[in-house]
Amino acid sequence: MREHDVIIVGGGLAGCRAALEIKRTDPKLNVALVAKTHPIRSHSVAAQGGMAATLKNVDAEDTWEAHAFDTVKGSDYLADQDAVEILTREAPDVVIDLEHLGVLFSRLPDGRIAQRAFGGHSHRRTCYAADKTGHAILHELVSNLRKNDVTVYEEWYVMRLILEDGQAKGVVMFNLLTTHLQVVRAKAVMFATGGYGRVFNTTSNDFASTGDGLAMSALAGVPLEDMEFVQFHPTGLYPVGVLISEAVRGEGAYLINSEGDRFMANYAPSKMELAPRDITSRAIALEIRAGRGVHPDGNPGGPCVYLDLRHMGKEKIMSRIPFCWEEAHRLVGVDAVYEPMPVRPTAHYSMGGIPVNTDGQVRSGPDGLVEGFFAAGESACVSVHGANRLGSNSLLECVVYGKRTGAAIAQYIQNRKLPDIDEQVYLNAAQNKINALLGQSGSLRIGQLRQNFQDCMTQYCGVFRTEALMQEGLNQLQQLKQQYQNIYLDDKGSCWNTELIEALELRNLMVVGEIILTSALNRQESRGAHSREDYPQRDDTNFLKHTLAYYSSAGIDLQYKSVAMTRFEPQERKY
Ligand SMILES: Cc1cc2nc3c(=O)[nH]c(=O)nc-3n(C[C@H](O)[C@H](O)[C@H](O)COP(=O)(O)OP(=O)(O)OC[C@H]3O[C@@H](n4cnc5c(N)ncnc54)[C@H](O)[C@@H]3O)c2cc1C
């Protein structure tokens, strides 16, 4: 059995920033970080548009209070306001700290960090590195892991959280190259495992965003918070779904329908294309539904709308958003200098996740905490995004709460002993699970079942929802779960068996999908990204509260938790 003071699962922004903070706080601590990809290939590397902070380099009158208000309003008043205050107050310092680490932010002519407009933000406050911000930040953070002597297990797959008697004690993981199993025990376990975009058939997320950390937590008895709130980003490139950053609209692009109208004038007249994502995605879906969408060849009545950059000019496009131009050119053959891009909403971000307090410690319920267990980043829900996240607040959350969680862990483990674990029990269970999958003699390919599952989630729990739709989705999901017993693996080998990993990931996706559907079915109101056609109004009397979903093989049990309010009273949300 291996031992570390801390084991962090996840090599994206949140995990790397936490590791750095633990080492800064106490360089003697033995910190390990494990990732199923190489850390540099974590989804954070794909973040494009930027990271919000009130540096006031462009808009001198900006304040952290304005950032906090925009975030709370964007969240449709479901965010925990104490957590939002921390996020927005600490933002400028964490950006400057990244700058000191060597992150190459884009500059104003006078050398200060440049800032751009973003949806739902009342000031230009998003710091960026062209449209490759995640790339710039993650490379510096990963090289700092090396500098600070963090042990990195790269391309190891964590398959189980060891949680006994209300205490997280370690993880079971296996080496992707050799399928060698390993139990790791630690004084603290942290999950920074990212999102679950692959629950849906069209997503901006990478192939590794399969919600493993969420499913492992749920299977260990930890509740998941606010899982009904799934962000659909308005501008996924059609038909591939990859992201065209909001930075493109921040820099001035228009959304137009088949009649050539900037239709956002009918949905959010004051913000237009820079309305928050939930509102913009619904507007696009409604235009398409009303027959004002386009086909990629330009004919009306199609499944997408146009994102039009032509008036921006080649020089601005190539200097501010070169990667988005390249994506459209490479993936769908559109030269955005001369032609509009076909776009439609794509599953993008998880507002919900593993519930944590503002020190990143995982909650066991509305009141209690899980000993030794921490989480941050997209897999966690400290609830700074509530029912809808504003663009450029997620990278910020990863860094602010990655840092805070790292500092809290460094304190927490002082004077704590390594836990006792019966290693053999866990190794046997993991080996049996792998053997069972390899030995299964079903007739269904993994890809086929995954596709059916993703289609089910997309059809029955997408941008618009109703009770009848979601009930049907849950019925179908029960059948799909049965079919999991009937999958077979072609690859029985122990060297780089990606099929085996896909089978484990599919199981996790299905756990997460069931929790999303169940939480969504029970929220009988429309708030933020959760849009019920049978309950079109927000209902603060009955639903101004967080959902906590407890998973068990017998079914999902729901509880609710109150929202922390500090300075902003709920109002009607208009843009
Ligand atoms: C295309 C795109 C563009 C975006 N642009 C922006 C933007 O401009 N601004 C913004 O604020 N936000 C943006 N976001 C959102 C933001 O990038 C993410 O929310 C954030 O980077 C998540 O970081 P993370 O550290 O939580 O997880 P990730 O970066 O997703 O990392 C997850 C890590 O967990 C590891 N892992 C997962 N499961 C396991 C397992 N079972 N075993 C071992 N390791 C595991 C993975 O290998 C990986 O290292 C964007 C997202 C996408 C998809």
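Residues numbered from 1 in each chain as written. Predicted model: local features only at pLDDT ≥ 70, side-chain atom pairs only at ≥ 80, totals over all residues. Heavy atoms only, no water.

- The name that an unreviewed UniProt entry assigns to the protein chain is Succinate dehydrogenase flavoprotein subunit, with the source organism given as Coleofasciculus chthonoplastes PCC 7420.
- In its Cofactor (unreviewed entry) section, UniProt records this for the protein chain: "FAD". (UniProt positions renumbered as here; feature names shortened; annotations may be inferred.)

## Examining the packing of helix 1 (residues 13-25) against helix 10 (residues 394-412)
Turning to step 1, where the next piece is worked out: At a closest axis distance of 7 Å, the pairing of helix 1 and helix 10 adopts a crossing angle of 35°. The two elements helix 1 and helix 10 cross, and the hand of that crossing is right-handed. From helix 1, Leu13, Ala14, Arg17, Ala18, Glu21, Ile22 and Thr25 reach across to helix 10, where they touch Leu395, Cys398, Val399, Gly402, Lys403, Gly406, Ala407, Ile409, Ala410 and Gln411.
Turning to step 2, where the next piece is worked out: Grouping the constituent residues of the contact of helix 1 with helix 10 by class yields 10 nonpolar, 4 polar and 3 charged. (Axes fitted to C-alpha atoms, helices over the stretch in contact; angles between N-to-C directions. Helix = DSSP H or I, 4+ residues; strand = E, 2+ residues; numbered from the N terminus. Left-handed = near helix turned anticlockwise from the far one by under 90°. Contact = heavy atoms within 4.5 Å. Nonpolar A, V, L, I, M, F, W, Y, C, P; charged D, E, K, R; others polar.)

## Section: the sheet that holds strand 4 (residues 115-116)
Turning to step 1, where the next piece is worked out: One open sheet holds the 3 strands; their spatial order is 3-5-4, and the pairing between them is antiparallel. The sheet is open, and its two borders are formed by strand 3 (51-52) and strand 4, each paired with just one other strand.
Turning to step 2, where the next piece is worked out: Inspection of the sheet shows strand 4 paired to strand 5 (residues 126-127) by 2 bridges, in the antiparallel sense. Considered in strand 5, the bridge of Arg116 is made with Thr126. (Pairing = 2+ DSSP bridges.)

## Overview of the site of the ligand
Turning to step 1, where the next piece is worked out: Every one of the 39 residues lining the ligand counts as a neighbour, but Ser42, His43, Ser44, Glu378 and Ser394 are closest to it.
Turning to step 2, where the next piece is worked out: Contact between the ligand and Ser42: an oxygen atom at 2.6 Å from a side-chain N or O atom of the residue.
Turning to step 3, where the next piece is worked out: Residue Gly49 places a main-chain N or O atom 2.7 Å away from an oxygen atom belonging to the ligand.
Turning to step 4, where the next piece is worked out: Compared with its free state, where it exposes 1000 Å², the ligand has 98% of that area covered by protein.
Turning to step 5, where the next piece is worked out: Sorting the residues of the shell around the ligand by element identifies helix 1, strand 2 (31-35), strand 7 (156-164), helix 5 (212-219), strand 14 (341-350) and helix 10 as the ones contributing at least two each.
Turning to step 6, where the next piece is worked out: Looking at the shell around the ligand residue by residue, the classes come out as 16 nonpolar, 19 polar and 4 charged. (Near = heavy atom within 4 Å. Polar contact = N/O pair within 3.5 Å; in protein donor to acceptor, adjacent residues only side chain to side chain. Areas by Shrake-Rupley, 256 points an atom, 1.4 Å probe, with all protein chains shown as cover.)

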